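Per-entry structural report
Each chain, written out:
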Amino acid sequence: MECAPAFRGLAAALIMACTAPAVQAHPHMWIDARARIAFDPQGRIAAIQQDWQFDEMFGAYTTQGLEKGPDGSLPAETLQGMARDWMSALGEPISHYFTRATLGGQTLAFGEPRDATVRWNPQDQRLTLSFTLPLAQPVAPGAQGVRFDIYDPTYFVAYAFDAPGAVALADAPAGCAPAYQPPRELDWKTMQQLAAIPADPDALPEELFAITKGLTHRVEVACR
């Protein structure tokens, strides 16, 4: 059985997942996500706060062999170490927190992430990473709006924003509202192509990169 990183960047710090032929199909990991767009006192967008709840298989594998309490809990220092390592890996250029922000077609820079925490639920075997990703400079969205795109261009991770209130605003002025757009649905042929991507993300053909870049969860925030 050949072992390879489960997905680019973050996986290198999280786990090495064994990729037998039966489990090589993409995506390798599923995340139930939440995003809150946070405003500052001047009514500008200052940050995006995210919660990523990983799937049960990932949680069980990642915590295998770790020292746990009688109730299955993990020590605080273990969870803090996970948060530190994961955020370091997510900062790599290929992943860059799987988040992009634009205003009027211009890319907005992010500052250093903060408030990163990892929680472990021993009942459902799920890990949750929460973090705040501030903009380097807060921006007023205006009527044109600020757009956030959340996706993994290598298609190792699949996101879902299905829970009620999964996309929300924090401390927003009156007249501001979010609009969420899920990724477009794939036809069967394209799904089969993506499922056959090799475990090595460097082998992803350019034509498939073009497809995965369109699999973005888009949040647009405008203020009128």
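Because the structure is predicted, anything quoted here is derived from the model rather than measured.

The next point concerns the state of the cysteines. This structure, assessed with the given rule, holds one disulfide. Each sulfur in the disulfide pair cysteine 176 and cysteine 223 lies 1.9 Å from the other. Residues cysteine 176 and cysteine 223 are joined through a disulfide that is right-handed, its torsion about the S-S bond being 110 degrees. Linking cysteine 176 in strand β12 (residues 176-181) with cysteine 223 in strand β13 (residues 217-223), this pair joins segments that are 47 residues apart in sequence. Exposure class is identical for cysteine 176 and cysteine 223. Each is buried.

Here the phi dihedral of tyrosine 97 falls at roughly 65 degrees; this positive angle occurs in a residue that is not glycine. With respect to the helices and strands, tyrosine 97 occurs in the loop between α3 (76-90) and β5 (99-103). Overall, tyrosine 97 belongs to the buried group, its relative accessible area being 8%. Although it is not a glycine, glutamine 125 sits at a positive phi angle of roughly 60 degrees. Note on placement: glutamine 125 falls in the loop between β7 (114-121) and β8 (126-139). Assessed through its relative accessible area of 28%, glutamine 125 is described here as partly exposed.

As a further point, take the confidence of the model for the protein chain. Summary statistics for the protein chain give a mean pLDDT of 82 and a share of 75% for residues scoring 70 or more. Scored below 50 in pLDDT, residues 1-9 shows 36 contacts in the model against residues more than four places distant or in partner chains. Across residues 11-24 the pLDDT falls below 50, and counting only partners more than four positions away or on other chains, this stretch makes 36 contacts in the model.

Moving on: the packing of aromatic side chains. One pass over the structure, following the stated rule, counts nine aromatic pairs. Centroid distance tryptophan 52 to tyrosine 159: 5.4 Å. Interplanar angle 70 degrees. Geometry classified as edge-to-face. Pair noted here: tryptophan 52 is in strand β4 (residues 45-54) and tyrosine 159 is in strand β10 (residues 157-160), with a separation of 107 residues, a long-range link. A residue is classified by how much of its surface remains accessible, and tryptophan 52, at 0% relative accessible area, is buried. Consider the rings of phenylalanine 161 and tyrosine 180, whose centres lie 5.7 Å apart with planes at 45 degrees: the pair is tilted. Separated by 19 residues along the polypeptide, phenylalanine 161 in the loop between β10 and β11 (167-170) and tyrosine 180 in strand β12 bring together distant segments of the chain. The buried category is assigned to phenylalanine 161, whose relative accessible area is 7%. We classify tyrosine 180 as partly exposed; its relative accessible area is 31%. One aromatic cluster is present, formed by Trp52, Tyr97, Phe98, Phe131 and Tyr159 through successive ring pairs.

Cut-offs applied
- Residues numbered from 1 in each chain as written.
- Predicted model: local features only at pLDDT ≥ 70, side-chain atom pairs only at ≥ 80, totals over all residues.
- Heavy atoms only, no water.
- Disulfide = S-S within 2.5 Å.
- Helix = DSSP H or I, 4+ residues; strand = E, 2+ residues; numbered from the N terminus.
- Buried < 20%, exposed > 50% of the residue type's maximum accessible area, 1.4 Å probe, protein only.
- pLDDT = per-residue confidence, 0-100.
- Contact = heavy atoms within 4.5 Å.
- Phe/Tyr/Trp six-rings, centres within 6.5 Å; stacked < 30°, edge-to-face > 60°.

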